[in-house]
Amino acid sequence: MKIISSKKIIDTISELCVEANTLLKKDILNILKDAYKKEKNLRSKNILKAIIDNANFAKKEKLAICQDTGMPVVFLQIGQDIKIDGDLKKAINKGIELGYKKGSLRNSIINDPILRKPPSKYTPCVIHFDVVKGNNLKITVLPKGFGCENKTQMEMFNPTTDIREIKKFIIDVIKNAGPDACPPFVVGIGIGGTQDYASFLAKKALLRPINKRNKLSHIARLEKELFSKINKLNIGPMGLGGKESTLAVNIETYPTHIAGLPVVVNISCHAMRAATKIL
Amino acid sequence: MKKLSLPLTKGKIKNLKIGDELLLSGIIYTARDKAHQHLVTLIKNHKKLPIDLKNQIIYYCGPTAKPKNKIIGSCGPTTSSRMDKFTPILLKKGLSGIIGKGNRSKEVVDAIKKYKAIYFLTYAGCGALLTRYIKKAKVLAFSGLGPEAILKLEVKDFPVIIGIDSLGKNIYKSLKVPAYRQAGKSLKV
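Computed from a predicted model, the values in this text were never measured in an experiment.

**Points about the interface of chain A and chain B**
Counting residues at the interface gives 39 residues for chain A and 39 residues for chain B. It is helix H3 (residues 42-61) of chain A that provides the largest number of residues to the side of chain A that touches chain B, a total of eight residues. When its residues are assigned to classes, the side of chain A that touches chain B shows 20 nonpolar, 13 polar and six charged.

Dropping the structure here:
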């Protein structure tokens, strides 16, 4: 049986926090460069250039891509044949704390959502555990900024709802997010399951590589249709108009109940940050 | 690109129009949600403010921690609409400019027009790049708020786009972009 020490987990999470926050993912950077080439509106083109320059400068200077270094969301895929030595949750949060300190990242986590005393430590993060076959531990850190997180919406649709209504809902969420959520967006959509599971799927959808469409052909078609419709909204970079309002629309689905049809839309700003390592 | 030196007196504001791109040099102050709440509480209780707001600029920003050997950490704008309910009160106190991202409520647009102020946008999600325009930074007030403390920043050629001008013209309305939902109403003092 493979044994993974909590020390190894602390170190890995710490590295992933710094990497995710300072090194923009290659697929995102490449699609931003494509967007820059395609954009005809001069001001929007300049803004896209600033976004690309920002990513390069952050990498060079080891600075956070965005001052909102997010609430860290950690996805863990635990192979059922491994043994973790020590307290796993403690190790994850310790790793977050170390990484955020080391990377001079922002301490944005307040301990009580109602009392709202100023942040004193960098934790806790949000953790999604999944158990899979095998003997690997896959760790992903997604620092989620709240400019875009605040624009999340959910709708529990009637099961006989026309698909056009669902599309309209999704597009309205994007319109509503407008310039506040730092377009061009990566749009994560969760459809099915229960309300909590649809929310999880929407978040997970953000992690999918940007040019990969859903395996189900009717969902892939829906992704493409929404992508093209959102890019016709003329939101553009900083909400100041232009062709580039979204970089990708990713939908994840799951079986659901005969009486329901949950839909959650979660948005990421253009700085869709994440880093992954397999132990 | 046009350069503008601060403080932002009313005479300088008059000629600025939506869509204009400018480079600001001089002193600006950071303040976001909690600092706004504190400032407005002080105003309500007729207490002295830690800064005289007359002809000053507030930048909606909570930077990351200062890395060693750097002036400031990543320091881009945060969403302005969350400050909507506080803004008219600060404008009444003499604040002449704001830097942020995104649209404002009708109350804020009306107050900007009434007090002949101005609303600037800066590059959203470009906090690393914007550090290049900050020459000095120090905590000025509410240090207990951590990233939400008020910082005094000295900026040089800080890039902005005019979002709402002193006539109350709004860049987002001029663009035929979707109608964005307006944030909550302003607080009454």
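So much for the structure itself; the text now carries on.
**Some thoughts on helix H4 (residues 106-114) of chain B**
Helical periodicity: at 3.6 residues per turn, an α-helix aligns residues three or four positions apart in one direction. Residues and elements named next belong to chain B. Listed as buried for H4 are Val 108, Val 109, Ala 111 and Ile 112. Each buried residue of H4 lies within a common arc of 165 degrees when the element is viewed along its axis, so the set occupies one face. Packing partners of the buried residues in H4 comprise helix H3 (87-92), strand E5 (118-121) and strand E7 (150-164). Two residues or fewer past H4, Lys 116 is found with a positive phi of approximately 50 degrees.

**What to know about the sheet that holds strand E4 (residues 126-132) of chain A**
All names here are of chain A. Strands sit in the order E4-E2-E5-E10 across an open sheet of four strands; the sheet is mixed. Both edges of this open sheet fall to E4 and strand E10 (275-278), since each of them pairs with a single strand only. On average, each strand axis in the sheet is inclined to that of its neighbour by 15 degrees, with strand direction left out of account. Looking at chain direction, strand E2 (residues 71-79) and strand E5 (residues 137-144) are connected through eight bridges and run antiparallel. Bridge pairing in E5 links Val 74 to Val 141.

**Focus on the pairing of E4(A)**
Residues and elements named next belong to chain A. The element E4 is largely exposed, with a buried count of zero among its seven residues. Of the pairings in the sheet, the one linking E2 to E4 comprises seven bridges and is parallel in character. By the bridge assignment for E4, Ile 78 is matched with Val 131.

**So, the sheet that holds strand E7 (residues 185-193) of chain A**
Residue and element names in this part refer to chain A. The strand order across the open sheet built from four strands is E6-E9-E7-E8, with neighbouring strands paired in mixed fashion. Strand pairing shows two members of the sheet lacking a second neighbour, strand E6 (153-157) and strand E8 (246-256), which therefore form its edges. Averaged over all adjacent pairs, the angle separating strand axes in this sheet is 15 degrees, with direction ignored. As judged from the five bridges shared by E6 and strand E9 (residues 261-268), these two strands associate in the antiparallel manner. Looking at the pairing, Met 154 lines up with Val 264 of E9.

The rules behind each value
- Just so you know, the residues in each chain are numbered from 1, in the order the chain's sequence is written.
- The order in which chains are written sets their letters, starting at A; the order in which ligands are written sets their numbers, starting at 1.
- Residues qualify for local features only when their pLDDT is at least 70, as the model is predicted, and side-chain atom pairs are given and counted only at 80 or more; totals for whole chains, interfaces and linings, by contrast, use all residues.
- Each residue is represented by a C-beta atom placed from its backbone, and any two residues with such atoms within 7 Å are regarded as in contact.
- Strands are runs of DSSP state E lasting at least two residues, helices are runs of H or I lasting at least four, and both sets are numbered from the N terminus onward.
- Each residue gets one label: Ala, Val, Leu, Ile, Met, Phe, Trp, Tyr, Cys and Pro are nonpolar, Asp, Glu, Lys and Arg are charged, and the others, such as Gly, are polar.
- Burial in this document is a count-based property: other C-beta atoms within 10 Å of a residue's C-beta are tallied, and the residue is buried at 20 or more, exposed at 12 or fewer, or partly exposed in between, with C-beta positions derived from the backbone.
- Within this analysis, the arc is defined by the directions that extend from the helix axis to the C-beta atoms.
- Any two strands are treated as partners once DSSP identifies two or more bridges connecting them.
- Axes here refer to lines fitted to C-alpha atoms; in helices the fit is confined to the stretch in contact. Angles between the N-to-C directions go from 0 to 180 degrees.

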